Amino acid sequence: MIVDTSTLSCPLPIMDHDTVQLAHGSGGSLSASLIEKLFLPRFDNAMLNQLEDQAVMELPACRLAFSTDSFVVDPIFFPGGDIGDLAINGTANDVCMSGAVPLYVSAAFIIEEGFAMESLHRILLSMEQAGKQAGVTVVTGDTKVVNKGSCDKIFITTTGLGSVPDGVMISAGGIQPGDKIILSGTIADHGMAVMTSRENLSFQTRIQSDTAALNGLVEKMIKTTTEIHAMRDPTRGGLATTLNEFASTSNVGIKLIEGNIPISPDVKGACEILGIDPLNVANEGKLVAAVPPDKVDAVLDAMRKHPLGRQAAIIGEAVTDHKGMVAGETLLGVSRIVDMPVGEQLPRIC
Amino acid sequence: MKYLDEYRDPTLAVKILEEIKNHVTQPWVIMEICGGQTHAIVRNGIDQVLQGKIELVHGPGCPVCVTPLETIDRAIDIAGRPEVIFCSFGDMLRVPGSAKDLFMVKSEGGDVRIVYSPLEAVRLARENPDREVVFFAVGFETTAPGNAMAVMQADKEGLNNFSEIVSHVLVPPAMKALLSSPDNRVQGYLAAGHVCSIMGYKEYEPIARQYKVPIVPTGFEPVDILEGLLMVVKQLEEDRHQVENQYVRVVRREGNKAARDIIQKVFKVTDRKWRGIGLLPASGLGICETYAAFDAEKKFSVDAIHVTEPDNCISGLVLQGLKKPVDCPAFGRECKPEHPLGATMVSSEGACAAYHKYHRN
Amino acid sequence: MCLAVPGKVIEIFEEAGLKMGRIDYAGTVNNACLEYVPEIQVGQYTVVHAGFALSVINEEEAVKSYEAWEELIETASQSGDGRYDDQLQTIRDLKENVEDDD
């Protein structure tokens, strides 16, 4: 979901400083003022507002899903999102890939001294917006300010807690031969949005990060059937990495139909120029699921009715051959290995 | 994408494949010079579908793979200096030097940056007058004009804080060296289309005549490569040895004169070491006297760094087409993309990396 | 050895004394140096390697290849089961597409 936070009618509150100072993280009065003026209005809720050292909550009797993730994206503002909504969506997604409904989030900020107050405000606004969309509440948090050069602008760590509905058992190890592999939409949008917005590449693109919370989509899928054998969001390392994890954890082979994988022409063009395989590029609002063949139509149907699953497609199948490996079919009809990338994706000339 | 997608069309590819099979009466040995073509061949399984008809051997056309260890070590030495902003194409960062690679230099605090164009490095020199900007100018004839232009531009702007480590290599001397080898088995060549877009293919005509080998400048998509192979096979079957152009939409016989002129202005032909192969006379480009001030190896006095290549890796034989990656006892065991023994396992164009990525078993 | 990608020139300009162009690759636009293709016009296609245009794509030659493919597929489709019909149409569209673009 794309939210242009710059148009939201919420101006930066009047602060004593234009930039974040070491004292803003030292626990004294400046810390208190920062929390009160900038953070609390954004995450406004009863548990947080008490400003205790912890959030105390009643939980329904259920299994819990619990996940944590750190966000260090560079640049912190990129087309389609920023480090703030990424931090909320990323953790909501990690929680809901178990089928859970994400409920509560903690957020810890490490800020480099000198960071613009206005940028921090913008990030918090987009976290607020993302939280509302995902239906999660930020109930506890922490802010530290470090010396210039000790971190790069701002790092955010979020931890999420969610409740897993009865009868739902989803893990990367549950895939059976014959299961169909479903992808919820186009690949490589986030990674290419970030890469093409790095200053030294001077690209002009319409590519937007796909950052979005997937729990609404997951809910629709689970309503259709609880028989989803595996589900994961293909973030770093891209679709190729997630499929390889599926194959090795479930000890099945995965036959990939590359032609069925949705990709936007802009993203494809950018990948071609930089010599990057879109299968290896990060997504932040997509999921891959393994579903038994008799349920696949219903699940696909439900997904396509949701805004985040409109382009959902069957991109492969679990097989008993080549266990632990992912194989694609080349245009000449022979199979090839689809491997995990070794390291970071780098633009190349050859 | 126009001029790309149509050359990946499965029906057409299969048709041309059938044509090749119809023409082949005996198994031919054909080399694709260029690593980009190796990558496309292995990725699309062209070598697999032609088994028994054509044996494809993979040539030395990967600049990352043939850049000598010595040059990598010199680059690493310069990149680690505090006054230097070291710029490189992304490809070179993972190539192992004797002790480390450029990524490790970066993690140790070196200012190592990836650029997409050499002109970006010139821009950095302009914007950082108090730093030394060094560009790692590797590549074949295709990349040489851009790297030469960067030097000229820096000169024009009076940027004396810009310099290049030039390690350019040339295709024809390598081809001649391979063809003159007593072990040579190659009967026909796919020449690298993008190199020919600059150099044209007149240079290849005497080679085709002298060594009696068909040479076909070829593009990089699967339909291009299959068409190129078909053209080589037809010549072989008819006992012809000519240069025929497959990549007609991009390559002209005379090449690109404007680009060649600037190569001649800035660079001069020199002897060059090829990693895994050794010294080949007149097989590379270096900065000429007029622009000597832009030669980073002189500027930073790293000429004294000399190293010899380790011999635990058969990449030299792979680059000469004498061995296949799978013939190496270390392949997929001690030598993997995560910890490569030789450069052919590093670049995605390297034959070993391509085999490892697409058909390990 | 040299990754180079075809794109369409949508604007020509000068920067630091160099002839530059904005190149459109199916929606993603990036700058390239056009010094080596001084004859290039807006609307023409080029192949770009490491930020430099290598050559102007020869559309006449491209159409000739499409015609050769057409012939190849036509010969195949004379066997008469119609399975190459879609293919033929695609190639004919490509040809027209190039001609329209001029």
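Residues numbered from 1 in each chain as written. Chains lettered and ligands numbered in written order. Predicted model: local features only at pLDDT ≥ 70, side-chain atom pairs only at ≥ 80, totals over all residues. Heavy atoms only, no water.

## Side note on the domain arrangement of chain B
Residues and elements named next belong to chain B.
Reasoning step 1: One can read the domain layout of chain B as domain 1 (1–308) and domain 2 (315–358).
Reasoning step 2: Counting residues at the interface gives 28 residues for domain 1, matched by 19 residues for domain 2.
Reasoning step 3: Overall, the association of domain 1 and domain 2 removes approximately 2000 Å² of surface from exposure, summing both partners, and the carbon and sulfur fraction of that is 66%.
Reasoning step 4: Its largest share of buried area at the contact with domain 2, domain 1 owes to His39, His58 and Cys65, together 26% of the area lost on that side.
Reasoning step 5: Where domain 1 packs against domain 2, one counts one salt bridge. (Domains from an automatic or database assignment. Contact = heavy atoms within 4.5 Å. Buried area = accessible area lost by both parts, 1.4 Å probe. Salt bridge = Lys/Arg side-chain N within 4 Å of Asp/Glu carboxyl O.)

## Re the domain arrangement of chain C
Reasoning step 1: When the domains of chain C are assigned, the result is domain 1 (5–57) and domain 2 (60–101).
Reasoning step 2: Domain 1 of chain C and domain 2 of chain C are separated by 29 Å when their C-alpha centres are compared.

## Overview of the sheet that holds strand β10 (residues 278–287) of chain B
All names here are of chain B.
Reasoning step 1: Ordered in space as β4-β3-β5-β6-β10-β9, the six strands form an open sheet in which the pairing is mixed. Of all the strands in the sheet, the pair left with one neighbour each is β4 (111–114) and β9 (267–274). Averaged over neighbouring strand pairs, the angle between their axes works out to 25° when direction is ignored.
Reasoning step 2: Pairing analysis gives seven bridges linking strand β5 (residues 132–139) to strand β6 (residues 162–169), with the strands arranged parallel. Opposite Gly139, over in β6, you have His168 as the bridge partner. (Pairing = 2+ DSSP bridges. Helix = DSSP H or I, 4+ residues; strand = E, 2+ residues; numbered from the N terminus. Axes fitted to C-alpha atoms, helices over the stretch in contact; angles between N-to-C directions.)

## Comments concerning the nonpolar core
Reasoning step 1: Core analysis: the largest hydrophobic core is formed by 149 residues, its most contacted members being Ile30(B), Phe86(B), Phe162(B), Tyr189(B), Tyr204(B) and Ile215(B).
Reasoning step 2: Of all the elements, helix α12 (residues 222–237) of chain B adds the most residues to this core, at eight residues.
Reasoning step 3: For Phe86(B), the contacting residues outside a window of four places in its chain are Ala75(B), Ile78(B), Ala79(B), Leu102(B), Asp111(B), Val112(B), Arg113(B), Val134(B), Phe136(B) and Ile165(B).
Reasoning step 4: By size, the runner-up hydrophobic cluster in this structure holds 50 residues, among which are Ile276(A), Ala318(A), Val5(C) and Ala32(C). (Core = buried A, V, L, I, M, F, W, Y, C linked by side-chain atoms within 4.5 Å. Buried < 20%, exposed > 50% of the residue type's maximum accessible area, 1.4 Å probe, protein only.)

## Some points on the packing of aromatic side chains
For any two aromatic rings, the description comes down to two numbers: the centre-to-centre distance and the angle of the planes.
Reasoning step 1: Counted according to the given criterion, the structure contains 11 aromatic pairs over all chains.
Reasoning step 2: Judged by centre distance (5.3 Å) and plane angle (90°), the rings of Phe89(B) and Phe135(B) are edge-to-face. In this pair, Phe89(B) is assigned in the loop between β3 (84–88) and α6 (102–107) and Phe135(B) in strand β5, connecting sequence segments 46 residues apart. Take Phe89(B) and Phe135(B): they sit in the same class, and that class is buried.
Reasoning step 3: Plain terms: the ring middles of Tyr291(B) and Phe294(B) are 6.4 Å apart, the flat faces sit at 50° to each other, and that makes the pair tilted. Each member of the pair, Tyr291(B) together with Phe294(B), is buried.
Reasoning step 4: One aromatic cluster is present, formed by Tyr7(B), Tyr66(C) and Trp69(C) through successive ring pairs.
Reasoning step 5: Note that Arg122(A) overlies the ring of Phe77(A), its terminal NZ or CZ placed 3.8 Å from the centroid.
Reasoning step 6: Stacked on the ring of Tyr7(B), the Lys or Arg Arg249(B) has its end atom at 3.4 Å from the ring centre. (Phe/Tyr/Trp six-rings, centres within 6.5 Å; stacked < 30°, edge-to-face > 60°. Lys NZ or Arg CZ within 6 Å of the ring centre and 35° of its normal.)

## Quick word on the interface of chain B and chain C
Reasoning step 1: With 53 residues of chain B at the contact, the number on the chain C side is 43 residues.
Reasoning step 2: Both faces considered, chain B and chain C share a buried interface measuring about 3700 Å² in area, 66% of it formed by carbon and sulfur atoms.
Reasoning step 3: Per-residue buried area on chain B facing chain C is highest for Lys2(B), Tyr3(B) and Tyr116(B); these three make up 19% of the total on that side.
Reasoning step 4: Taken together, the connections running from chain B to chain C amount to zero salt bridges.
Reasoning step 5: Along the contact surface separating chain B from chain C lie 12 residue pairs in polar contact (both at pLDDT 80 or more). (Polar contact = N/O pair within 3.5 Å; in protein donor to acceptor, adjacent residues only side chain to side chain.)

## As for the interface of chain A and chain B
Reasoning step 1: Tallying the contact residues gives 29 residues for chain A and 40 residues for chain B.
Reasoning step 2: Approximately 3000 Å² of surface area, both sides summed, lies buried where chain A meets chain B, with 57% of it carried by carbon and sulfur atoms.
Reasoning step 3: Viewed at the interface, chain B and chain A are joined by four salt bridges.
Reasoning step 4: Here Glu272(A) makes a salt bridge to Arg8(B), at a shortest N to O gap of 2.7 Å.
Reasoning step 5: Inspection of the region where chain A meets chain B yields seven residue pairs in polar contact (both at pLDDT 80 or more).
Reasoning step 6: For the side of chain A that touches chain B, the elements supplying multiple residues, two or more each, are α8 (265–274) and β14 (335–337) of chain A.
Reasoning step 7: Top contributing element to the side of chain A that touches chain B by residue count: α8(A), with five residues.
Reasoning step 8: Considering only residue class, the side of chain A that touches chain B consists of 13 nonpolar, seven polar and nine charged. (Nonpolar A, V, L, I, M, F, W, Y, C, P; charged D, E, K, R; others polar.)

## Side note on the packing of helix α5 (residues 189–196) of chain A against α8(A)
Residue and element names in this part refer to chain A.
Reasoning step 1: Their axes nearest at 10 Å, the elements α5 and α8 cross at an angle of 60°. Here α8 runs oblique to α5, going by the angle between their axes. For the pair α5 and α8, the sense of crossing is left-handed. From α5, Asp189, Met192, Met195 and Thr196 reach across to α8, where they touch Val267, Ala270, Cys271 and Leu274.
Reasoning step 2: The class makeup of the residues in the contact of α5 with α8 is six nonpolar, one polar and one charged. (Parallel < 35°, antiparallel > 145°, perpendicular 65-115°, else oblique. Left-handed = near helix turned anticlockwise from the far one by under 90°.)

## Re the environment of His58(B)
Residues and elements named next belong to chain B.
Reasoning step 1: Among the structural elements, His58 can be located in strand β2 (residues 54–61).
Reasoning step 2: With a relative accessible area of 3%, His58 lands in the buried category.
Reasoning step 3: In this view, His58 contacts Met31, Glu32, Thr38, Val318, Leu319, Gly321, Lys324, Ala351 and Tyr355; residues no more than four positions away in its chain are not counted.
Reasoning step 4: Among the polar contacts made by the side chain of His58, one reaches the side chain of Glu32 at a distance of 2.5 Å.
Reasoning step 5: For His58, the side chain forms a polar contact with the side chain of Tyr355, separated by 3.0 Å.

## Observations regarding the packing of helix α9 (residues 171–180) of chain B against helix α11 (residues 204–211) of chain B
Residues and elements named next belong to chain B.
Reasoning step 1: Between α9 and α11, the least distance of the axes is 11 Å, while the angle of their chain directions is 5°. Taken as axis vectors, α9 and α11 run roughly parallel relative to one another. Seen from α9, the contacting residues are Val171, Pro172, Met175, Lys176, Leu179 and Ser180; seen from α11, they are Tyr204, Ile207 and Tyr211.
Reasoning step 2: A class-by-class count of the residues in the contact of α9 with α11 yields seven nonpolar, one polar and one charged.

## Side note on the state of the cysteines
Reasoning step 1: A full pass over the atoms with the stated rule returns zero disulfides over all chains.
Reasoning step 2: In this model Cys62(A) remains outside any disulfide bridge; the closest cysteine sulfur is found in Cys96(A), 15 Å from its own.
Reasoning step 3: Looking at Cys62(A), the relative accessible area reads 29%, which means it is partly exposed.
Reasoning step 4: The thiol of Cys313(B) is unpaired, and the distance to the nearest cysteine sulfur, on Cys335(B), comes to 6.0 Å.
Reasoning step 5: Residue classification places Cys313(B) among the partly exposed positions, given a relative accessible area of 23%. (Disulfide = S-S within 2.5 Å.)

## Some thoughts on the pairing of β10(B)
All names here are of chain B.
Reasoning step 1: Bridging between β6 and β10 involves two bridges; their strand directions are antiparallel. Directly across from His168, in β10, lies its bridge partner Leu285.
Reasoning step 2: For β9 and β10, the ladder comprises seven bridges, and the chain directions are antiparallel. For Arg272, the partnering residue across the bridge sits in β10 and is Leu280.
Reasoning step 3: Connecting β9 to the antiparallel partner β10 that follows it, the hairpin turn spans three residues, and Gly276 within it adopts a positive phi of roughly 85°.

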